[in-house]
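Chain by chain, the residues run as shown.
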Amino acid sequence: MIERLAAEAWAFRARVEREAAARFSRLAEEIAAFDPESPVPAMLRRAADDEHRHEALCAELAGRGLPSDASDGRIAPPSLGPREAALYEMVAACCITETESVATVASLLAEDAVPRVREVLHEIARDEVVHAQMGWAHLAREAAAIEVGFLSRFIPSMLAGAAGDQLFADGAPELESAELLRHGVLPLSRKREIFTQTLREVIFPGLEQFGISTAPARDWHAARMADPATASAYSST
Amino acid sequence: MLFKKLFRLLVVSGTMMGAASGCAANAAGPQAGASKKPASDAGTAPDAGAKAQESGGGAPGW
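The following paragraphs examine the structure supplied in this document. All of these numbers come straight from a predicted model, not from anything done at the bench.

1. Considerations on the overall build of chain A
- Within chain A one finds seven helices and zero strands.
- Walking chain A from its N terminus toward its C terminus, one meets helices and strands in the order α-α-α-α-α-α-α.
- Rg of the C-alpha trace for chain A: 17 Å, near the compact-globule value of 18 Å for 237 residues, within the 12% margin.
- Principal-axis analysis of the C-alpha atoms gives chain A an extent of 50 × 40 × 30 Å.
- Residues classed as buried in chain A amount to 51% of the 237 residues present.
- A separation threshold of at least 6 residues defines the contact pool for chain A, and within that pool the share at least 24 residues apart is 77%.

2. Comments concerning the packing of helix 5 (residues 155-163) of chain A against helix 7 (residues 215-226) of chain A
Residues and elements named next belong to chain A.
- Where helix 5 meets helix 7, the axes come as close as 8 Å, and the angle between the chain directions of the two elements is 40°. Taken as axis vectors, helix 5 and helix 7 run oblique relative to one another. Across from Ile155, Pro156 and Leu159 in helix 5, the residues of helix 7 making contact are Pro216, Ala217 and Trp220.
- Residue composition of the contact of helix 5 with helix 7, by class: six nonpolar, no polar and no charged.

3. Examining the interface of chain B and chain A
- In this complex, chain B contributes 42 residues to the contact, which on the side of chain A involves 61 residues.
- Within the residue set of the side of chain B that touches chain A, elements represented by two or more residues are helix 1 (2-20), helix 2 (24-28) and helix 3 (52-55) of chain B.
- Take the side of chain B that touches chain A: its biggest share by element is 14 residues, from helix 1 of chain B.

4. Digging into the packing of helix 3 (residues 82-109) of chain A against helix 5 of chain A
Residue and element names in this part refer to chain A.
- As a packed pair, helix 3 and helix 5 sit with axes 10 Å apart at the nearest point and diverge in direction by 45°. It follows that helix 3 is oblique to helix 5 by the angle criterion. Where helix 3 crosses over helix 5, the two elements pack in a sense that is right-handed. Here Val91, Ala92, Ile96, Thr97 and Glu100 of helix 3 lie close against helix 5, whose contacting residues are Met158, Leu159, Gly161 and Ala162.
- Taken together, the residues of the contact of helix 3 with helix 5 sort by class into six nonpolar, two polar and one charged.

5. Section: the nonpolar core
- The biggest cluster of nonpolar side chains holds 83 residues, and the ones touching the most others in it are A:Tyr88, A:Val91 and A:Leu159.
- Residue assignment for this core shows that the elements contributing at least two residues are helix 1 (2-34), helix 2 (40-62), helix 3, helix 4 (115-143), helix 5, helix 6 (188-208) and helix 7 of chain A together with helix 1 of chain B.
- It is helix 3 of chain A that contributes the most residues to this core, 16 residues altogether.
- Non-local contacts of A:Leu159, meaning those with residues more than four positions away in its chain, are made with A:Ile96, A:Ala217, A:Trp220 and B:Gly58.

Procedures and definitions
- Residues numbered from 1 in each chain as written.
- Chains lettered and ligands numbered in written order.
- Predicted model: local features only at pLDDT ≥ 70, side-chain atom pairs only at ≥ 80, totals over all residues.
- Helix = DSSP H or I, 4+ residues; strand = E, 2+ residues; numbered from the N terminus.
- Rg over C-alpha atoms; globule rule 2.2 N^0.38 Å.
- Buried ≥ 20, exposed ≤ 12 C-beta atoms within 10 Å, placed from the backbone.
- Contact = placed C-beta atoms within 7 Å.
- Axes fitted to C-alpha atoms, helices over the stretch in contact; angles between N-to-C directions.
- Parallel < 35°, antiparallel > 145°, perpendicular 65-115°, else oblique.
- Nonpolar A, V, L, I, M, F, W, Y, C, P; charged D, E, K, R; others polar.
- Left-handed = near helix turned anticlockwise from the far one by under 90°.
- Core = buried A, V, L, I, M, F, W, Y, C linked by C-beta atoms within 7 Å.

From the geometry alone we can't say anything about function, so treat these as descriptive.
Written out as structure tokens, the structure reads:
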């Protein structure tokens, strides 16, 4: 049972990595078009290569072939202009999701995982740090050029997409098994704790230093923690 | 302690990377940096009832 849950988690991660590779390739071209001197497009191209490698590693640990159902879905609201849409995606994918991933992988590396899982986590951790940094780098550049406060009202949607439907829901007892750690998967309650602490101590202060209010995001998070039954409400609106 | 380190490693270092290579406003041309441009939908009122495609989404993570 635990092995099956772990395999599903790694298969999901393989899809996430493939989707990230496509998004980073696209964003590299979009950002270079309005900020040709930025170092971020080159970082994005390298990151896309990293993600393809991660996809293969995750698929290996899932015991399956490479995923075929991931896509490069644009996640920015269509009402945004191209530059603001690129910023939206960089904040969602890097400042939030990649930053959370670094915290997750670092937490897993502190545990006693089986040797091959540990090797894979080490390789992925090294790259994910740079992937998170490129989001903060892009936000810093854009904050000097355009008003970025508009992002505030969108942060809850970004968080909902990063967390997925299950993070704040009641999970099956096997999802709390400490045995999952040996396979590179956090028990659900531990995953929720790390997500929350990363929000409060890394992501929210990071966004606030650029004048992006985190009040809507803090309200969103407080509601989830108070009432896990609402877990799917945001992701479906 | 882990999270303080992460803040420095990711947010502070990332911000420095972006700033070290000049700001985007200056890169876009001499007049672009004169003042911050408003975002394309900066005047749009918050809409708590917005549909998913209007409020955007997120990137799934680990």
